[in-house]
Amino acid sequence: MAVGAYVTVPAPARQPHRYGLFSAATIVDTTTPHEQMGVQWSPLPCDRPDYWPHDCPTPPDATKTPTTQPPTQHALPITIYGSFECRLVGYSITEATARAREHLTAGEQHAVEYALWTGISNNTPTLTGADTLDLGTASCPAALLARLYAHTDTHFVGEPLIHIPRAAVPWFGDQLVRDNGRLTTKLGTPVAAGAGYSEANTGPTGEPAPDGAYWIYATGPIVLRRGPIHDVPTPAHQGFNTRTNDFTALSERRYLAMWDCLTVAALFTPRCG
């Protein structure tokens, strides 16, 4: 059959990966342009409440000492874009813009995961960095989770979020369960199993994991402040190259990732048997 005889039909639809970061984080849609440039917040204290002696009468030297208040935290945005480049002979500008949006929405979770891990968009905070505590190495999934719990239970108030490269999930067996569209540990701790995490898979100082090994992180709960999709250029016809008859459509969105108090990592070196 000649090429010109082919019938154009829609491409197969793409679905974001299940149980990734978007399933485990709280997503807040925002429209304020200034907020999408960066935000700050005052965290709750990181440690547990203190105690007061149950003595009567109260000892005269007893005092209530406020816990240390963490410093103000900041987040800078992750900016991602989808694209579609075509000859306008076969597509309208509207169709090309829609394809750019489809490219963005099918892969934005993956892109946000990779940026959250690496800081590739000059975003902050990130999983990797000088402030991330390395908890060492474990070869057994149960021992790995126990190590993460031992630290988070002692140094953080509240339920943490565990970040696992999607490629490492088969090693965890019955340590992970599906719960109403989310992935959790058997204790109910939320887990983000990210394809972007598989792509990154580096340690706190940026070192790649050894072959067959995976870096696992734990943080406080994450809020993703998500801006609207912007189609670029505006107006759209400015993306048309009159010399080549090519049209480039871009669709952009910004995310700000917020968490505080806790960022730890452990190297998982699974073994069969």
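On a predicted model such as this, the values are computed, not experimentally measured, just so you know. (Residues numbered from 1 in each chain as written. Predicted model: local features only at pLDDT ≥ 70, side-chain atom pairs only at ≥ 80, totals over all residues. Heavy atoms only, no water.)

A. Summary view of the sheet that holds strand 6 (residues 161-165). Taken together, 7 strands build an open sheet; the order of strands is 5-15-10-6-9-8-7 and the sheet is mixed. Both outer strands of the open sheet, strand 5 (133-138) and strand 7 (176-179), are each paired with one neighbouring strand and no more. If you compare each strand with its neighbour and ignore which way they point, the axes differ by 30° on average. Each of strand 5, strand 6, strand 8 (182-185), strand 10 (214-219) and strand 15 (263-268) touches helix 3 (residues 141-155); the most contacted strand, strand 5, lies at about 155° to it. (Pairing = 2+ DSSP bridges. Helix = DSSP H or I, 4+ residues; strand = E, 2+ residues; numbered from the N terminus. Axes fitted to C-alpha atoms, helices over the stretch in contact; angles between N-to-C directions. Contact = heavy atoms within 4.5 Å.)

B. Summary view of the pattern of salt bridges. One pass over the full model with this rule turns up 5 salt bridges. Across the pair R226 and D29 runs a salt bridge whose closest N-O atoms are separated by 2.7 Å. Of this pair, R226 sits in strand 11 (residues 223-226) while D29 sits in strand 1 (residues 26-29), placing them 197 residues apart in sequence. Taking relative accessible area as the criterion, R226 reaches 18% and is therefore assigned buried. (Salt bridge = Lys/Arg side-chain N within 4 Å of Asp/Glu carboxyl O. Buried < 20%, exposed > 50% of the residue type's maximum accessible area, 1.4 Å probe, protein only.)

C. Spatial organisation of the layout of surface pockets. Empty space within the largest pocket amounts to approximately 620 Å³. Lining of the largest pocket is provided by 24 residues; of these, A11, P12, R14, R99 and E102 occupy positions nearest its centre. Listing elements by their share of the lining of the largest pocket, those giving two or more residues are strand 4 (78-87) and helix 2 (93-118). Top element by residues in the lining of the largest pocket is helix 2. It accounts for 10 residues. For the lining of the largest pocket, the residue count by class is 9 nonpolar, 10 polar and 5 charged. Taken together, 20 residues make up the lining of the second largest pocket; nearest its centre are D131, T132, W259, L262 and T263. Taken together, the residues that form the lining of the second largest pocket break down as 8 nonpolar, 10 polar and 2 charged. (1 Å grid on protein atoms, 1.4 Å probe; cavity = no way out; pocket = protein on both sides within 12 Å on 5 of 7 lines; lining within 4 Å. Points joined across faces, edges and corners; volume = space filled by probe spheres on them. Nonpolar A, V, L, I, M, F, W, Y, C, P; charged D, E, K, R; others polar.)

D. Up close: the pairing of strand 9 (residues 190-194). Most of strand 9 sits out of view: 5 of its 5 residues are buried. Burial of the side chains of strand 9 extends over both faces: P190, A192 and G194 are buried on one face and V191 and A193 on the other. Inspection of the sheet shows strand 6 paired to strand 9 by 4 bridges, in the parallel sense. From the neighbouring strand, H163 faces strand 9, where its bridge partner is A192. Here strand 8 folds back onto strand 9, and the loop between the two strands holds 4 residues, one of which, G188, carries a positive phi near 95°.

E. Summary view of the pairing of strand 10. With respect to burial, strand 10 is a largely interior element, 6 of its 6 residues being buried. Note that strand 6 and strand 10 share 3 bridges and pair antiparallel. Counted as the bridge partner of H163 is Y217 from strand 10. As judged from the 6 bridges shared by strand 10 and strand 15, these two strands associate in the antiparallel manner. Note that in strand 15 the partner of T219 across the bridge is T263.

F. Quick peek at the packing of aromatic side chains. The tally for this structure, following the rule as stated, stands at 4 aromatic pairs. Ring plane angle 25° and centroid distance 5.6 Å describe the contact between F22 and Y255, whose orientation is recorded as stacked. Remark: Y255 occurs in strand 14 (residues 246-258) and F22 occurs in helix 1 (residues 21-24); sequence separation between them is 233 residues. A single burial state applies to F22 and to Y255, both of which are buried. When the ring of W117 is compared with that of Y197, the centres are 5.2 Å apart and the planes differ by 45°; the resulting orientation is tilted. Placement of W117 in helix 2 and of Y197 in helix 4 (residues 195-200) is noted, with a sequence separation of 80 residues between them. Judged by its relative accessible area of 0%, W117 is buried. (Phe/Tyr/Trp six-rings, centres within 6.5 Å; stacked < 30°, edge-to-face > 60°.)

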